[in-house]
Amino acid sequence: MAIENKVALVTGAGQGIGRGIALRLAKDGAAIMLVDMKAEALDAVAAEVRALGRKAATFVADISDREQVYAAIAQAERELGGFDIIVNNAGIAQVQPLSDVTPQEVDRIMRINVQGTLWGIQAAAKKFEERKQKGKIINACSIAGHDGFAMLGIYSATKFAVRALTQAAAKEYASRGITVNAYCPGIVGTGMWTEIDQRFAEITGAPVGETYKKYVEGIALGRAETPDDVASLVSYLAGPDSDYITGQSILIDGGIVYR
Ligand SMILES: NC(=O)C1=CN([C@@H]2O[C@H](COP(=O)(O)OP(=O)(O)OC[C@H]3O[C@@H](n4cnc5c(N)ncnc54)[C@H](O)[C@@H]3O)[C@@H](O)[C@H]2O)C=CC1
Ligand SMILES: CC(=O)C(C)=O
């Protein structure tokens, strides 16, 4: 198994893409530290990881708080006996026309999507250095990190920022054997898209379900993405086959954005 005996920490692991990644990395052989703000959801995913025969631990944290991110990594090392891979997956969406967005809304999404990812990168790199080891840092970007999307402008800005952080961190840490990459999904049928669709309905008057349907119809491969699709790429980025890739934000969207 590609990452047997490794310890992976996944943020936003309580549901959706984070849950899918946690289960895939467990199948690949890793012990998993599951981090989220939702304690009950974490316990349910931990039970699923253990049912796969892997160790799981949970840590309730808000990733926008730097100290909590450092504490989660320290706890992973203590409870699971190491620390090799971080997946900075947690993030929030925001549907708002640029003309209406408020300073408070900008601040909130920047603190979670940008600063939260930065604290994960920073804390993981420090821990790898302290442990004198190589490591893998993997961040959640998006198609919205390659193209700016209408009504998702600030969200897109946060994902462009994640791509910039991924490139800069890759350059800063390459000499220490740490790789930094990001995955860029398209339209994944998770709770996040239920919220996005609902907000589009409120703002534009489109019937509920219509926006999601319209976006899915635009996918060349003809279906919505699943958390398992995303987890396949993350599995590759977490394992040794991707050791010569760094600084990349890789599209996995079924054919929406072409680079
Ligand atoms: N769903 C989609 O179509 C796409 C999602 N993404 C990105 O993938 C990542 C995961 O998305 P989904 O699973 O769809 O979202 P989701 O909303 O279904 O799940 C997100 C999870 O993150 C947790 N979370 C949110 N804020 C947090 C915080 N401050 N601290 C700790 N945990 C927090 C939530 O409690 C939740 O369990 C996000 O970064 C998102 O931007 C990227 C492209 C497409
Ligand atoms: C949620 C998200 O990243 C998109 C582009 O749908």
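Every value quoted in this text rests on a predicted model; they were computed, and no experiment measured them. (Residues numbered from 1 in each chain as written. Chains lettered and ligands numbered in written order. Predicted model: local features only at pLDDT ≥ 70, side-chain atom pairs only at ≥ 80, totals over all residues. Heavy atoms only, no water.)

Engineer: Explain the UniProt feature "domain: Ketoreductase" (unreviewed entry) in the protein chain here, please?
Structural biologist: UniProt tags residues 6-196 as "domain: Ketoreductase" (unreviewed entry). Its end C-alpha atoms 35 Å apart, residues 6-196 is made of 50% helix and 18% strand. (UniProt positions renumbered as here; feature names shortened; annotations may be inferred. Helix = DSSP H or I, 4+ residues; strand = E, 2+ residues; numbered from the N terminus.)

Engineer: I would appreciate a short explanation of the packing of helix H3 (residues 66-80) against helix H4 (residues 103-130) in the present structure.
Structural biologist: Any two packed helices are characterised by the angle at which their axes cross and by the distance between the axes. Running from amino to carboxyl end, H3 crosses H4 at an angle of 40 degrees, the nearest separation of the two axes being 9 Å. One way to sum up the angle between H3 and H4 is to call them oblique. For the pair H3 and H4, the sense of crossing is right-handed. Facing H3, whose interface residues are Arg66, Val69, Tyr70, Ile73 and Glu77, H4 presents Trp119, Gly120, Gln122, Ala123, Ala124, Lys126 and Lys127. Of the residues assigned to the contact of H3 with H4, the class counts are six nonpolar, two polar and four charged. (Axes fitted to C-alpha atoms, helices over the stretch in contact; angles between N-to-C directions. Parallel < 35°, antiparallel > 145°, perpendicular 65-115°, else oblique. Left-handed = near helix turned anticlockwise from the far one by under 90°. Contact = heavy atoms within 4.5 Å. Nonpolar A, V, L, I, M, F, W, Y, C, P; charged D, E, K, R; others polar.)

Engineer: Quick question: what am I supposed to make of the site of ligand 2 here?
Structural biologist: The immediate surroundings of ligand 2 are formed by Ser142, Ile143, Tyr155, Gly186, Ile187, Met192, Trp193 and Ile196. Take Ser142: an N or O atom from its side chain is 2.8 Å from an oxygen atom of ligand 2. For ligand 2, an oxygen atom lies 2.9 Å from a polar atom in the side chain of Trp193. Here ligand 2 loses 94% of its free accessible area of 220 Å² to cover by the protein chains. A total of three residues in the shell around ligand 2 trace back to one element, the largest contributor, which is helix H6 (residues 191-204). When its residues are assigned to classes, the shell around ligand 2 shows six nonpolar, two polar and no charged. (Near = heavy atom within 4 Å. Polar contact = N/O pair within 3.5 Å; in protein donor to acceptor, adjacent residues only side chain to side chain. Areas by Shrake-Rupley, 256 points an atom, 1.4 Å probe, with all protein chains shown as cover.)

Engineer: Whenever I open this one, the site of ligand 1 confuses me. Can you help?
Structural biologist: Taken together, 28 residues are adjacent to ligand 1, and Gln15, Asp36, Asn89, Tyr155 and Thr190 come closest. At 2.8 Å, a side-chain N or O of Gln15 approaches an oxygen atom of ligand 1. A distance of 3.0 Å separates a nitrogen atom of ligand 1 from a polar backbone atom of Ile63. Burial of ligand 1 by the protein chains amounts to 96% of its free accessible area of 830 Å². Those elements that place two or more of their residues in the shell around ligand 1 are helix H1 (16-27), helix H5 (153-173) and H6. Among the elements that line the shell around ligand 1, the one with the most residues is H6, at three residues.

Engineer: Would you mind showing me how to read the state of the cysteines here?
Structural biologist: Linking two cysteines covalently through their sulfur atoms gives a disulfide. All told, the structure shown has zero disulfides when counted by the stated rule. In this structure Cys141 is not part of a disulfide, and its nearest cysteine sulfur, from Cys184, lies 3.6 Å away. (Disulfide = S-S within 2.5 Å.)

Engineer: Would you take a moment to explain the environment of Asn5 for this structure?
Structural biologist: Topologically, Asn5 is positioned in the segment before strand S1 (7-11). Look at Asn5 and you get exposed, because its relative accessible area is 72%. C-alpha of Asn5 to C-alpha of Asp84: the two residues are 79 residues apart in sequence and 9.5 Å apart in space. Ignoring anything within four residues of it in the chain, the contact list for Asn5 reads Gly29 and Asp84. (Buried < 20%, exposed > 50% of the residue type's maximum accessible area, 1.4 Å probe, protein only.)

Engineer: What exactly am I supposed to notice about the confidence of the model for the protein chain here?
Structural biologist: Caution applies to low-pLDDT regions: their predicted coordinates should not be interpreted in detail. This prediction gives the protein chain a mean pLDDT of 98; 100% of its residues lie at or above 70. This prediction of the complex comes with two scores: 0.98 for pTM and 0.99 for ipTM. (pLDDT = per-residue confidence, 0-100.)

Engineer: How should I be thinking about the nonpolar core in this particular structure?
Structural biologist: One broad rule of soluble globular proteins: the nonpolar side chains tend to lie buried together. In this structure, Leu9, Met33, Ile137 and Tyr173 are the most contacted members of the largest nonpolar core, which totals 50 residues. Examining the composition of this core, we find that eight residues originate from one element, H4, more than from any other. Ala8, Val45, Ile85 and Leu233 belong to the second-largest nonpolar core, a separate cluster that totals 30 residues. (Core = buried A, V, L, I, M, F, W, Y, C linked by side-chain atoms within 4.5 Å.)

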